[in-house]
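Breakdown of the fold
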Amino acid sequence: LAAVYLSLTEWVGLGAPNWIGLSNYANLFRDTSFGTALVNSLIYTLIAVFVIVPCSLLVAQALNAKGLRARDLFRVTFFIPMVLSPIVIALIYSLVFDTNYGLLNATLKALFGLPNTDWLGDPTLAKVAIGFVLLWRTVGYLTIFFLAALQNVSPEQYEAASLDGAGTFRKFTNVTLPAIRPVTAFVVVTSFISAAQLFDEPYLLTKGGPGEATLSVAMFIYRAAFERQQFGYAAAAGVVLFVVVFGVSQILNRALAIGRDA
């Protein structure tokens, strides 16, 4: 409520806020930078929902395989990125993606003879780089939820499916996916919310650049509030972000049938 009130004012952080009504919202929807930030945040959420979540499920499925050796080692290895500081991760991947001395360019040159690529300086590749870092950082965390769900699927269901002649793929689609649907819904919604508020990766790796190619809504809010002291304007952007995230989350909840029995 305080943020909603602040969004209807003009305030530089000192003194009393000046009431200006809906002017911040009117200016916001004419602001091309905000539109760019919305599109970029949409891209991040699509990466989270349609790339990171399926990858996490596949990793969990692999870790749940019978007879897998060093299972605990793999679990720890996948989860470690989640406990690292975002600053440490940014430093590591700044070295990996460096144009002249980066590990990625050096590897591609050694294996395929490719020229150096400016991964963080190209508008499209910068988004890909941020998406990859987001994948690397969060897939292990989401895997934990899927792995717990997979281990709770009754073996009798798989036995019954085998008796009906179901193969591996049909067991996965007809038994596994329906059984872990509540956890899948939870992971999808929380991944969407987290990606919609993404700040660390674009801020630390690219500063929102090149230009505004990787600018997220959270970064837009940060810039408005703490670089330009437009706290009312930043609050208006925050309210819009809240409304969008809340609305889409409710749609996802209904689509994925969360809490149908509640």
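Residues numbered from 1 in each chain as written. Predicted model: local features only at pLDDT ≥ 70, side-chain atom pairs only at ≥ 80, totals over all residues. Heavy atoms only, no water.

**With respect to the packing of helix α10 (residues 181-196) against helix α13 (residues 231-255)**
Filter applied, for reference: Helix axes are fitted only over the stretch in contact, all axes being lines through C-alpha atoms; the angle between N-to-C directions runs from 0 to 180 degrees. Secondary structure follows DSSP: runs of H or I at least 4 residues long count as helices, runs of E at least 2 residues long count as strands, and numbering of each begins at the N terminus. Any angle between 65 and 115 degrees counts as roughly perpendicular, while under 35 counts as roughly parallel, over 145 as roughly antiparallel, and the rest as oblique. Each crossing is labelled by how the near helix is turned from the far one, with a counterclockwise turn of less than a right angle marking it left-handed and a clockwise turn marking it right-handed. We call two residues in contact when some of their heavy atoms are within 4.5 Å. When residues are sorted by character, Ala, Val, Leu, Ile, Met, Phe, Trp, Tyr, Cys and Pro go into the nonpolar class, Asp, Glu, Lys and Arg into the charged class, and all the rest, Gly among them, into the polar class.
With their axes 10 Å apart at the nearest point, α10 and α13 run at an angle of 165° to one another. As summarised for this structure, α10 and α13 are arranged roughly antiparallel, according to the angle between their axes. Two packed elements cross with a definite hand, and for α10 against α13 that hand is right-handed. Within the contact between the two elements, α10 uses Arg181, Val188, Val189, Phe192, Ile193 and Ala196 and α13 uses Leu241, Val245, Val248, Ser249, Leu252, Asn253 and Ala255. Counted by class, the contact of α10 with α13 contains ten nonpolar, two polar and one charged residues.

**Digging into the packing of aromatic side chains**
For the record, the criterion: Between 30 and 60 degrees the pair is tilted, below 30 it is stacked and above 60 it is edge-to-face, where a pair is any two Phe, Tyr or Trp rings, Trp via its six-membered ring, whose centres lie within 6.5 Å. Exposure is judged per residue with a 1.4 Å probe applied to protein chains only, and the accessible area is read against the type maximum: over 50% gives exposed, under 20% gives buried, and values in between give partly exposed.
Taken as a whole and assessed by the stated rule, the structure comprises 17 aromatic pairs. With a centroid separation of 6.0 Å and 35° between ring planes, the pair formed by Tyr5 and Trp19 is classed as tilted. On the criterion of sequence distance, the pair formed by Tyr5 in helix α1 (residues 2-7) and Trp19 in strand β2 (residues 18-19) is long-range, its members being 14 residues apart. Note on Tyr5: relative accessible area 42%, which makes it partly exposed. By relative accessible area, which is 53% here, Trp19 ends up exposed. Here Tyr203 and Tyr222 contribute two aromatic rings whose centre-to-centre distance is 5.4 Å and whose plane-to-plane angle is 70°, an arrangement assigned as edge-to-face.

**Observations regarding the layout of surface pockets**
To be explicit about the condition: Cavity: a set of points on a 1 Å grid over the protein atoms alone where a 1.4 Å probe fits but cannot get out. Pocket: an open set with protein on both sides within 12 Å along at least five of seven lines, its lining residues, like those of a cavity, having an atom within 4 Å of a point. Grid points are joined across faces, edges and corners, and a volume is the space filled by probe spheres set on the points.
As a volume, the largest pocket reaches approximately 410 Å³. Around the largest pocket, the lining is made up of 15 residues, and of these Gln61, Asn64, Lys66, Leu150 and Tyr158 lie nearest the centre. Of all the secondary-structure elements, those providing two or more residues to the lining of the largest pocket are α8 (155-163) and α9 (168-179). Looking at which element gives the most residues to the lining of the largest pocket, the answer is α9, with four residues. A class-by-class count of the residues in the lining of the largest pocket yields six nonpolar, six polar and three charged. Along its surface, the second largest pocket is lined by 17 residues, and Ser41, Leu42, Thr45, Phe192 and Val248 are the ones closest to its centre. Counting residues per element, the ones that place at least two in the lining of the second largest pocket are α3 (32-63), α10 and α13. When residues of the lining of the second largest pocket are assigned to their parent elements, the largest contribution, eight residues, is made by α3. Classifying every residue of the lining of the second largest pocket by side-chain character gives 15 nonpolar, two polar and no charged.

**A look at the pattern of salt bridges**
Two side chains carrying opposite charge are able to pair once their charged atoms lie near each other. For clarity, the cut-off: The salt bridge criterion pairs a side-chain nitrogen of Lys or Arg with a carboxyl oxygen of Asp or Glu, the two atoms within 4 Å.
For the coordinates displayed, the defined rule picks out two salt bridges. With its nearest N and O atoms 3.7 Å apart, the salt bridge here joins Arg75 to Asp72. Taken together, the positions of Arg75 and Asp72, both in helix α4 (residues 71-83) and three residues apart, correspond to about one turn of that helix. Overall, the relative accessible area of 24% leaves Arg75 in the partly exposed class.

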